[in-house]
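Read off the chains here:
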Amino acid sequence: MSFLPQIKVPATYMRGGTSKGAFFRLQDLPEACQVPGEARDKLLLRVIGSPDPYEKQIDGLGNATSSTSKTVILAAPTQPDHDVDYLFGQVSIDKPFVDWSGNCGNLTAAVGAFAINGGFVAKERIPENGVCVVRIWQANIKKTIVAHVPITNGEVQETGDFELDGVTFPAAEVKIEFMDPADGEGSMFPTGNLVDDLEVPGVGTLKATMINAGIPTIFVNAEDIGYKGSELQGDINSDPKALAMFETIRAHGAVKMGLIKDIAEAANRQHTPKVAFVAKPVDYVSSSGKQINATEVDLLVRAMSMGKLHHAMMGTAAVAIATASAIPGTLVNLAAGGGDRTEVTFGHPSGTLRVGAEAKEVNGQWTATKAIMSRSARIIMEGWVRVPQDSF
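In this text the structure is predicted, and so the values were computed from the model without any measurement.

## Thoughts on the pattern of salt bridges
Now for step 1: Applying the stated rule across the entire model yields eleven salt bridges.
Now for step 2: With a shortest N-O distance of 3.0 Å, lysine 370 and glutamate 177 are connected by a salt bridge. Taken together, the residues lysine 370 in strand β20 (residues 365–375) and glutamate 177 in strand β9 (residues 174–179) connect sequence positions 193 residues apart.
Now for step 3: The exposure class of glutamate 177 is buried, given its relative accessible area of 17%.
Now for step 4: For the salt bridge of lysine 207 with aspartate 197, the shortest nitrogen-to-oxygen distance reads 2.8 Å. Linking lysine 207 in strand β11 (residues 204–213) with aspartate 197 in strand β10 (residues 196–200), this pair joins segments that are ten residues apart in sequence.
Now for step 5: Given a relative accessible area of 41%, lysine 207 falls into the partly exposed group.
Now for step 6: On the basis of relative accessibility, which here comes to 42%, the residue aspartate 197 falls in the partly exposed class.

Laid out in structure tokens, this is it:
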């Protein structure tokens, strides 16, 4: 029996925010994978090491968490006044599918740098020293994102003293603006309400804020589901009943948001929507042992990603938090103390994060102009990733 050899695909392995992923230029992919479809999905699954029934992704670049089972494809811009198209694929760990339904806000921090290094940004727009403004078209959600990437001696600066809870080492700060972050295809609040009564079988009727900003997100009160809001990963991820409860909340919320027609469809849409629970500040110790005092934050937020409690906070969910906090009456705003606000600092399992947003009410409808946050990014490895030729 003969076997086909492995092929080499140019790739860069990057950290962006509290996530890691494999980055590709569209033109570097095998021809069959340069268009959406089965071949592309199979290639990315093999790169990451999925589907893996052992849930370890030993035979790929994934690290067996939702934060590290990610892929990015960058291409020449399809929109005017943009530098690059950014397509994100969330790779399932134990199932054979790639979810293209949403963005990754954390990896967005690395997109600007990759676009500069990959030749997508015109050389005359890159300063010798200063900040390069990279105009990104987020192809999954059809939104503009602006990354402010530091440049030193004509090259992307990756090292620095900016610290991000959830990332061990400091790096250079990358400021990101998510322009018009609400879902452009409908209302930012798809039910028309800032707070809904969400009926969840086996759980009860929960107060919920369901918002399309950054990424579709369902916010519930921590106390309504038996939590304090200060939980760490082990408190929830080791509890099968808790994980099943959150998935049930997510599925029924997705139906109410109009994202799916039947709860059975939720299994094939794991990346969106997200479920998060909020609470008023209390003292707690983060996963790294850092003391977080109630006086340091405006509220506490914990979010689920791909069926597990996230170790920090997804960037897109942070956009949803920022936007919801700016709108009086949402559960996020109320947990932060209510009233008008343009930024909040929230506590998550790894520490704290400050985010800002601008929102306004026009003709009875809330709109958001932008959400702002800081992240960092760096190249971990670059070269080629090898995959068996018959894997796609």
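## Digging into the side chain of histidine 310
Now for step 1: Here histidine 310 lies in the loop between β17 (308–309) and α5 (315–325).
Now for step 2: Only 2.9 Å separates the side chain of histidine 310 from the backbone nitrogen of alanine 312, close enough to count as a polar contact.
Now for step 3: Beyond its immediate chain neighbours, meaning those up to four positions away, histidine 310 contacts Thr18, Ser66, Ser67, Gln233, Ala303, Met304, Ser305 and Pro349.

## Section: the pairing of strand β16 (residues 299–305)
Now for step 1: Most of β16 is tucked away: seven of the seven residues are buried.
Now for step 2: Both strand β13 (residues 274–279) and β16 contribute to a ladder of five bridges, which runs antiparallel. When the bridges of β16 are listed, alanine 276 appears paired with alanine 303.
Now for step 3: Two strands pair when backbone bridges link them, and β16 and strand β18 (residues 343–348) are joined in this way by two bridges, in the parallel orientation. Each bridged residue has a counterpart across the sheet, and for leucine 299 the counterpart in β18 is phenylalanine 346.
Now for step 4: As defined by bridge partners, β16 adjoins β17 across two bridges and the pair is classed as antiparallel. Bridge assignment links methionine 304 to a residue of β17, and that residue is leucine 309.
Now for step 5: In this structure, the hairpin formed by β16 and β17 is closed by a connection of two residues, where methionine 306 is found at a positive phi of approximately 50°.

## Comments concerning the pairing of strand β1 (residues 6–16)
Now for step 1: Taking burial as the measure, the eleven residues of β1 include eight buried ones, the bulk of the element.
Now for step 2: Counted between consecutive antiparallel strands, the loop separating β1 from strand β2 (residues 19–25) contains two residues, among which glycine 17 sits at a positive phi close to 60°.

## Structural notes on the packing of aromatic side chains
Now for step 1: Within the structure shown, the criterion is met by four aromatic pairs.
Now for step 2: An angle of 15° between the planes, with centres 6.0 Å apart, marks the rings of tyrosine 227 and phenylalanine 246 as stacked. Within this pair, whereas tyrosine 227 is found in the loop between β12 (215–221) and α3 (233–237), its partner phenylalanine 246 is found in helix α4 (residues 240–256), the two being separated by 19 residues in sequence. For the pair shown, tyrosine 227 and phenylalanine 246 are each scored as buried.
Now for step 3: Aromatic pair phenylalanine 246 and phenylalanine 277: ring centres 5.6 Å apart, planes at 20°, arrangement stacked. With phenylalanine 246 in helix α4 and phenylalanine 277 in strand β13, this residue pair connects regions lying 31 residues apart in the sequence.
Now for step 4: Judged by its relative accessible area of 0%, phenylalanine 277 is buried.
Now for step 5: Linked through ring pairs, Tyr227, Phe246 and Phe277 together constitute an aromatic cluster.
Now for step 6: Over the ring of tryptophan 384 we find lysine 8; its NZ or CZ atom is 4.3 Å from the centre of that ring.
Now for step 7: The aromatic ring of tyrosine 284 is capped on one face by arginine 302, whose charged end is 4.7 Å from the ring centroid.

Each value, and the rule that gives it
Residues numbered from 1 in each chain as written. Predicted model: local features only at pLDDT ≥ 70, side-chain atom pairs only at ≥ 80, totals over all residues. Heavy atoms only, no water. Salt bridge = Lys/Arg side-chain N within 4 Å of Asp/Glu carboxyl O. Helix = DSSP H or I, 4+ residues; strand = E, 2+ residues; numbered from the N terminus. Buried < 20%, exposed > 50% of the residue type's maximum accessible area, 1.4 Å probe, protein only. Polar contact = N/O pair within 3.5 Å; in protein donor to acceptor, adjacent residues only side chain to side chain. Contact = heavy atoms within 4.5 Å. Pairing = 2+ DSSP bridges. Phe/Tyr/Trp six-rings, centres within 6.5 Å; stacked < 30°, edge-to-face > 60°. Lys NZ or Arg CZ within 6 Å of the ring centre and 35° of its normal.

Honestly, that's just the spatial picture; any functional story needs more than this.
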